[in-house]
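Residues per chain are reported as follows:
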Amino acid sequence: MRVFVTGGTGLIGSAVVAELLGNGHTVLALARSDASARAAEAAGAEPLRGGLADLDVLRSGAAQADGVVHLAFGNDFSSPEALARNVAEETAALTALGEELLGSDRPLVTVSGTPHVPGRASTEADPVPTDGPVGGRGRTVTAILGLASRGVRSTSVRLPRTVHNEGTGGFAGLLTDIARRSGVSGYPGDGTQRWPAVHALDAAVLFRLALERAEPGTAWHAVADEGDEVRDIAAVIGRRLGLPVQSVPEETYGPLGPIFRADQPASSARTRQALGWEPRHPGQLADLENIRP
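Per an unreviewed UniProt entry, the protein goes by NAD-dependent epimerase/dehydratase family protein and derives from Kitasatospora xanthocidica.

(A) View of the UniProt feature "domain: NAD-dependent epimerase/dehydratase" (unreviewed entry) in the protein. Under the UniProt annotation, "domain: NAD-dependent epimerase/dehydratase" (unreviewed entry) lies at residues 3-216. In the segment residues 3-216, helix accounts for 43% and strand for 21%; the C-alpha atoms at its two ends are 17 Å apart.

(B) Highlighting the sheet that holds strand 11 (residues 225-229). Judged by pairing direction, the sheet is mixed, and its three strands sit side by side in the order 7-9-11 without closing on themselves. What marks the edges here is a single partner per strand, and that holds for strand 7 (162-164) and strand 11. Mean inter-strand twist for the sheet, computed between neighbouring axes without regard to direction, equals 40°. The pairing of strand 7 with strand 9 (residues 194-199) spans three bridges and is parallel. Bridging from a neighbouring strand, Val-163 pairs with Val-198 of strand 9. Helix 7 (residues 200-213) contacts strand 7 and strand 9 of the sheet and is inclined by roughly 75° relative to strand 9.

(C) Quick look at the environment of Pro-160. Locating Pro-160 in the fold gives a position in the loop between strand 6 (153-159) and strand 7. Excluding residues that lie within four positions of it along the chain, Pro-160 makes contacts with Thr-114, Pro-196, Ala-197, Val-198, Ala-222 and Val-223.

(D) Structural detail: the packing of helix 1 (residues 11-21) against helix 7. It is at 8 Å that the axes of helix 1 and helix 7 come closest, and there the two elements cross at 55°. In terms of orientation, helix 1 and helix 7 fall into the oblique class. Classified by chirality, the crossing of helix 7 by helix 1 is right-handed. Note on element contacts: helix 7 touches helix 1 through Ala-200, Leu-201, Ala-204, Val-205, Phe-207, Arg-208 and Leu-211, opposite Leu-11, Ile-12, Ala-15, Val-16, Glu-19 and Leu-20. Among the residues forming the contact of helix 1 with helix 7, the class breakdown is 11 nonpolar, no polar and two charged.

(E) Highlighting the domain arrangement of the protein. Per the domain assignment, the segments of the protein are domain 1 (2-162 + 197-221) and domain 2 (166-196 + 227-266 + 282-289). Summarising the inter-unit geometry, the C-alpha centres of domain 1 and domain 2 are found 25 Å apart. Surface buried jointly by domain 1 and domain 2 totals about 1600 Å² across both partners, of which 66% is contributed by carbon and sulfur atoms. Broken down residue by residue, the surface that domain 1 buries against domain 2 is led by Arg-161, Thr-162 and His-199, which jointly contribute 37%. Scanning the region where domain 1 abuts domain 2 turns up zero salt bridges.

(F) Examining the nonpolar core more closely. Core analysis: the biggest nonpolar cluster contains 31 residues, and Val-5, Val-69, Val-157, Leu-159 and Phe-207 have the highest contact counts within it. The greatest single-element share of this core, amounting to eight residues, is contributed by helix 7. Discounting chain neighbours no more than four positions away, the residues touching Val-69 are Val-3, Phe-4, Val-5, Thr-6, Val-16, Val-109, Phe-207 and Leu-211. In terms of nonpolar packing, the next biggest core, distinct from the first, is built from 21 residues, Trp-195, Val-230, Leu-241 and Leu-288 among them.

Cut-offs and rules
- Residues numbered from 1 in each chain as written.
- Predicted model: local features only at pLDDT ≥ 70, side-chain atom pairs only at ≥ 80, totals over all residues.
- Heavy atoms only, no water.
- UniProt positions renumbered as here; feature names shortened; annotations may be inferred.
- Helix = DSSP H or I, 4+ residues; strand = E, 2+ residues; numbered from the N terminus.
- Pairing = 2+ DSSP bridges.
- Axes fitted to C-alpha atoms, helices over the stretch in contact; angles between N-to-C directions.
- Contact = heavy atoms within 4.5 Å.
- Parallel < 35°, antiparallel > 145°, perpendicular 65-115°, else oblique.
- Left-handed = near helix turned anticlockwise from the far one by under 90°.
- Nonpolar A, V, L, I, M, F, W, Y, C, P; charged D, E, K, R; others polar.
- Domains from an automatic or database assignment.
- Buried area = accessible area lost by both parts, 1.4 Å probe.
- Salt bridge = Lys/Arg side-chain N within 4 Å of Asp/Glu carboxyl O.
- Core = buried A, V, L, I, M, F, W, Y, C linked by side-chain atoms within 4.5 Å.
- Buried < 20%, exposed > 50% of the residue type's maximum accessible area, 1.4 Å probe, protein only.

Here's what the structure looks like:
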(Lines give C-alpha, C1' and ligand atoms only; values in the text may rest on other atoms or scores of the structure.)
Protein backbone atom coordinates (compact mmCIF):
# COMPACT_ATOMS: atom_id res chain seq x y z
CA MET A 1 0.00 0.00 0.00
CA ARG A 2 1.24 3.51 -0.79
CA VAL A 3 0.55 5.54 2.35
CA PHE A 4 0.48 9.31 2.71
CA VAL A 5 1.68 10.27 6.22
CA THR A 6 1.49 13.68 7.87
CA GLY A 7 3.79 14.30 10.82
CA GLY A 8 6.07 11.52 9.61
CA THR A 9 9.32 12.88 11.04
CA GLY A 10 8.23 13.40 14.66
CA LEU A 11 8.75 10.99 17.55
CA ILE A 12 5.59 9.03 16.73
CA GLY A 13 5.61 9.60 12.99
CA SER A 14 9.16 8.40 12.45
CA ALA A 15 8.26 5.16 14.25
CA VAL A 16 5.12 4.79 12.12
CA VAL A 17 7.05 5.37 8.88
CA ALA A 18 9.63 2.76 9.86
CA GLU A 19 6.86 0.30 10.79
CA LEU A 20 5.09 0.81 7.46
CA LEU A 21 8.26 0.49 5.40
CA GLY A 22 9.31 -2.59 7.36
CA ASN A 23 6.02 -4.30 6.49
CA GLY A 24 5.99 -3.86 2.74
CA HIS A 25 4.29 -0.47 2.37
CA THR A 26 5.70 2.62 0.68
CA VAL A 27 5.41 6.07 2.23
CA LEU A 28 4.78 9.56 0.88
CA ALA A 29 5.60 11.88 3.79
CA LEU A 30 4.49 15.49 4.21
CA ALA A 31 7.61 17.61 4.82
CA ARG A 32 7.29 21.24 5.86
CA SER A 33 11.02 22.03 5.67
CA ASP A 34 14.21 21.00 3.90
CA ALA A 35 15.32 19.29 7.11
CA SER A 36 12.08 17.30 7.30
CA ALA A 37 12.40 16.34 3.63
CA ARG A 38 15.95 15.08 4.21
CA ALA A 39 14.82 13.13 7.27
CA ALA A 40 11.97 11.53 5.31
CA GLU A 41 14.31 10.53 2.50
CA ALA A 42 16.86 9.13 4.95
CA ALA A 43 14.12 6.98 6.47
CA GLY A 44 13.20 5.59 3.06
CA ALA A 45 10.07 7.69 2.39
CA GLU A 46 9.32 10.02 -0.49
CA PRO A 47 8.89 13.61 0.75
CA LEU A 48 6.04 15.86 -0.35
CA ARG A 49 6.86 19.46 0.47
CA GLY A 50 4.19 21.38 2.38
CA GLY A 51 2.72 21.99 5.80
CA LEU A 52 -0.53 21.16 7.52
CA ALA A 53 -2.01 24.48 6.40
CA ASP A 54 -1.33 23.72 2.69
CA LEU A 55 -4.67 22.12 1.90
CA ASP A 56 -4.03 21.66 -1.82
CA VAL A 57 -0.83 19.76 -0.99
CA LEU A 58 -2.74 17.56 1.44
CA ARG A 59 -5.36 16.79 -1.18
CA SER A 60 -2.60 15.95 -3.66
CA GLY A 61 -0.93 13.61 -1.20
CA ALA A 62 -4.18 11.81 -0.45
CA ALA A 63 -5.00 11.55 -4.17
CA GLN A 64 -1.67 9.80 -4.80
CA ALA A 65 -2.08 7.28 -1.97
CA ASP A 66 -3.90 4.06 -1.19
CA GLY A 67 -4.39 5.23 2.38
CA VAL A 68 -3.61 8.11 4.76
CA VAL A 69 -2.20 8.24 8.29
CA HIS A 70 -2.59 11.67 9.87
CA LEU A 71 -0.29 12.45 12.81
CA ALA A 72 0.70 16.12 12.47
CA PHE A 73 -0.38 18.62 15.11
CA GLY A 74 0.99 22.05 16.06
CA ASN A 75 3.37 22.06 19.03
CA ASP A 76 2.59 25.51 20.44
CA PHE A 77 0.86 25.02 23.82
CA SER A 78 1.84 28.42 25.21
CA SER A 79 -1.70 29.80 25.53
CA PRO A 80 -5.35 28.84 25.04
CA GLU A 81 -5.30 30.84 21.79
CA ALA A 82 -2.28 28.92 20.49
CA LEU A 83 -3.90 25.60 21.34
CA ALA A 84 -7.10 26.71 19.59
CA ARG A 85 -5.08 27.59 16.48
CA ASN A 86 -3.53 24.12 16.49
CA VAL A 87 -6.98 22.53 16.68
CA ALA A 88 -8.39 24.77 13.92
CA GLU A 89 -5.45 23.98 11.63
CA GLU A 90 -5.88 20.26 12.16
CA THR A 91 -9.64 20.49 11.57
CA ALA A 92 -9.13 22.14 8.19
CA ALA A 93 -6.46 19.60 7.25
CA LEU A 94 -8.53 16.56 8.20
CA THR A 95 -11.58 17.96 6.45
CA ALA A 96 -9.54 18.33 3.25
CA LEU A 97 -8.13 14.81 3.53
CA GLY A 98 -11.55 13.32 4.20
CA GLU A 99 -13.12 15.12 1.26
CA GLU A 100 -10.41 13.82 -1.06
CA LEU A 101 -11.11 10.23 0.01
CA LEU A 102 -14.92 10.32 -0.21
CA GLY A 103 -16.36 7.29 -1.98
CA SER A 104 -12.96 5.61 -2.38
CA ASP A 105 -13.13 3.01 0.44
CA ARG A 106 -9.52 3.94 1.20
CA PRO A 107 -8.37 4.11 4.85
CA LEU A 108 -7.90 7.36 6.74
CA VAL A 109 -6.28 6.78 10.13
CA THR A 110 -6.34 9.78 12.40
CA VAL A 111 -5.35 10.35 15.99
CA SER A 112 -6.88 11.67 19.19
CA GLY A 113 -6.38 11.23 22.92
CA THR A 114 -7.86 8.62 25.19
CA PRO A 115 -10.91 10.12 26.93
CA HIS A 116 -11.27 10.87 30.62
CA VAL A 117 -14.06 8.93 32.37
CA PRO A 118 -14.63 9.69 36.07
CA GLY A 119 -14.08 6.73 38.37
CA ARG A 120 -12.77 4.15 35.91
CA ALA A 121 -10.44 3.45 33.03
CA SER A 122 -11.82 4.64 29.71
CA THR A 123 -12.46 2.13 26.94
CA GLU A 124 -12.70 2.23 23.18
CA ALA A 125 -16.51 2.50 23.50
CA ASP A 126 -16.32 5.82 25.38
CA PRO A 127 -16.72 9.01 23.33
CA VAL A 128 -13.90 11.53 23.13
CA PRO A 129 -14.62 14.89 24.79
CA THR A 130 -16.16 17.60 22.64
CA ASP A 131 -15.69 20.43 25.13
CA GLY A 132 -12.78 21.73 27.18
CA PRO A 133 -9.30 22.74 25.93
CA VAL A 134 -9.18 20.13 23.15
CA GLY A 135 -12.90 19.66 22.59
CA GLY A 136 -12.60 20.91 19.03
CA ARG A 137 -10.27 18.05 18.27
CA GLY A 138 -12.83 15.59 19.61
CA ARG A 139 -15.54 17.09 17.40
CA THR A 140 -13.28 16.83 14.35
CA VAL A 141 -12.32 13.22 14.96
CA THR A 142 -15.97 12.33 15.49
CA ALA A 143 -16.82 13.93 12.15
CA ILE A 144 -14.02 12.03 10.41
CA LEU A 145 -15.29 8.73 11.82
CA GLY A 146 -18.69 9.71 10.47
CA LEU A 147 -17.24 9.59 6.94
CA ALA A 148 -17.50 5.80 7.23
CA SER A 149 -21.02 6.22 5.86
CA ARG A 150 -19.65 8.09 2.84
CA GLY A 151 -17.12 5.61 1.54
CA VAL A 152 -14.08 6.38 3.69
CA ARG A 153 -12.55 3.64 5.84
CA SER A 154 -11.93 6.13 8.61
CA THR A 155 -10.58 5.03 11.96
CA SER A 156 -9.01 6.68 14.99
CA VAL A 157 -6.05 5.60 17.11
CA ARG A 158 -6.39 7.18 20.53
CA LEU A 159 -3.04 7.92 22.11
CA PRO A 160 -2.46 8.11 25.86
CA ARG A 161 -1.02 11.15 27.63
CA THR A 162 2.55 9.96 27.11
CA VAL A 163 3.95 8.34 23.99
CA HIS A 164 7.59 7.81 24.87
CA ASN A 165 10.86 6.56 23.43
CA GLU A 166 14.23 6.67 25.20
CA GLY A 167 12.85 8.84 27.99
CA THR A 168 11.36 11.56 25.80
CA GLY A 169 7.91 12.41 24.48
CA GLY A 170 4.37 13.11 25.62
CA PHE A 171 3.21 14.67 28.86
CA ALA A 172 6.08 13.05 30.77
CA GLY A 173 8.43 14.75 28.33
CA LEU A 174 6.73 18.09 29.04
CA LEU A 175 7.19 17.49 32.78
CA THR A 176 10.87 16.82 32.11
CA ASP A 177 11.28 20.00 30.05
CA ILE A 178 9.57 22.11 32.71
CA ALA A 179 11.70 20.50 35.43
CA ARG A 180 14.89 21.38 33.56
CA ARG A 181 13.79 25.02 33.25
CA SER A 182 12.33 25.48 36.72
CA GLY A 183 14.70 23.41 38.85
CA VAL A 184 11.81 21.43 40.34
CA SER A 185 10.30 18.15 39.19
CA GLY A 186 6.70 19.13 39.71
CA TYR A 187 3.24 17.68 39.42
CA PRO A 188 -0.22 19.25 39.84
CA GLY A 189 -2.39 18.49 42.84
CA ASP A 190 -1.50 15.53 45.05
CA GLY A 191 -0.01 13.59 42.15
CA THR A 192 -2.25 10.55 42.56
CA GLN A 193 -3.90 11.15 39.20
CA ARG A 194 -2.98 8.46 36.68
CA TRP A 195 -1.70 8.90 33.14
CA PRO A 196 -1.73 6.06 30.61
CA ALA A 197 1.27 5.59 28.34
CA VAL A 198 2.70 3.65 25.40
CA HIS A 199 6.09 3.24 23.77
CA ALA A 200 6.25 4.91 20.34
CA LEU A 201 7.36 1.68 18.68
CA ASP A 202 4.33 -0.16 20.06
CA ALA A 203 2.00 2.67 19.01
CA ALA A 204 3.45 2.46 15.49
CA VAL A 205 2.40 -1.18 15.21
CA LEU A 206 -1.17 -0.25 16.11
CA PHE A 207 -1.28 2.49 13.47
CA ARG A 208 -0.24 -0.07 10.87
CA LEU A 209 -2.81 -2.61 12.06
CA ALA A 210 -5.55 0.04 11.97
CA LEU A 211 -4.53 1.01 8.44
CA GLU A 212 -4.56 -2.59 7.26
CA ARG A 213 -7.46 -4.12 9.19
CA ALA A 214 -9.72 -1.70 11.03
CA GLU A 215 -13.39 -1.51 10.12
CA PRO A 216 -14.79 1.90 9.11
CA GLY A 217 -15.83 4.21 11.92
CA THR A 218 -13.87 2.44 14.68
CA ALA A 219 -11.65 3.78 17.47
CA TRP A 220 -8.73 2.02 19.15
CA HIS A 221 -6.63 2.55 22.26
CA ALA A 222 -2.83 2.57 21.97
CA VAL A 223 -2.41 1.98 25.71
CA ALA A 224 0.33 -0.20 27.18
CA ASP A 225 0.40 1.17 30.74
CA GLU A 226 -3.15 1.72 31.98
CA GLY A 227 -2.15 4.48 34.39
CA ASP A 228 0.97 5.49 36.32
CA GLU A 229 0.56 8.03 39.12
CA VAL A 230 1.96 11.41 38.11
CA ARG A 231 3.93 11.71 41.36
CA ASP A 232 5.72 8.46 40.45
CA ILE A 233 6.53 9.89 37.03
CA ALA A 234 7.82 13.09 38.62
CA ALA A 235 9.87 11.06 41.10
CA VAL A 236 11.79 9.31 38.31
CA ILE A 237 12.31 12.62 36.51
CA GLY A 238 13.54 14.27 39.70
CA ARG A 239 15.93 11.44 40.50
CA ARG A 240 17.36 11.36 36.98
CA LEU A 241 17.84 15.15 36.93
CA GLY A 242 18.90 15.48 40.55
CA LEU A 243 16.02 17.84 41.34
CA PRO A 244 13.52 18.10 44.22
CA VAL A 245 10.07 16.61 43.61
CA GLN A 246 6.99 18.51 44.76
CA SER A 247 3.47 19.64 43.93
CA VAL A 248 3.28 22.86 41.91
CA PRO A 249 0.34 25.09 40.90
CA GLU A 250 -1.83 23.87 38.04
CA GLU A 251 -1.17 27.20 36.30
CA THR A 252 2.42 26.04 35.76
CA TYR A 253 1.14 24.01 32.82
CA GLY A 254 -0.78 26.79 31.07
CA PRO A 255 -3.80 25.69 29.01
CA LEU A 256 -2.94 22.04 29.63
CA GLY A 257 -3.34 22.45 33.40
CA PRO A 258 -6.88 21.00 33.63
CA ILE A 259 -5.81 18.00 31.55
CA PHE A 260 -2.66 17.47 33.62
CA ARG A 261 -4.75 17.52 36.82
CA ALA A 262 -7.28 14.89 35.70
CA ASP A 263 -7.19 11.22 36.64
CA GLN A 264 -7.42 9.52 33.26
CA PRO A 265 -6.48 5.81 33.15
CA ALA A 266 -7.38 3.96 29.97
CA SER A 267 -7.80 0.35 28.86
CA SER A 268 -6.83 -1.27 25.56
CA ALA A 269 -8.47 -4.66 26.14
CA ARG A 270 -10.73 -4.48 23.08
CA THR A 271 -7.90 -3.25 20.84
CA ARG A 272 -5.66 -6.12 21.87
CA GLN A 273 -8.40 -8.69 21.34
CA ALA A 274 -9.75 -7.39 18.05
CA LEU A 275 -6.53 -6.40 16.27
CA GLY A 276 -4.08 -8.74 17.97
CA TRP A 277 -1.99 -5.82 19.19
CA GLU A 278 0.47 -6.63 21.99
CA PRO A 279 2.89 -4.01 23.36
CA ARG A 280 6.43 -5.36 23.72
CA HIS A 281 8.63 -2.38 24.59
CA PRO A 282 9.54 -0.88 27.99
CA GLY A 283 6.82 0.81 30.03
CA GLN A 284 6.76 4.48 30.90
CA LEU A 285 8.57 4.42 34.25
CA ALA A 286 11.28 2.09 32.95
CA ASP A 287 11.78 4.17 29.81
CA LEU A 288 12.10 7.39 31.84
CA GLU A 289 15.29 5.89 33.31
CA ASN A 290 16.86 6.92 29.98
CA ILE A 291 16.61 10.62 30.94
CA ARG A 292 20.07 12.20 31.09
CA PRO A 293 20.91 15.08 33.44
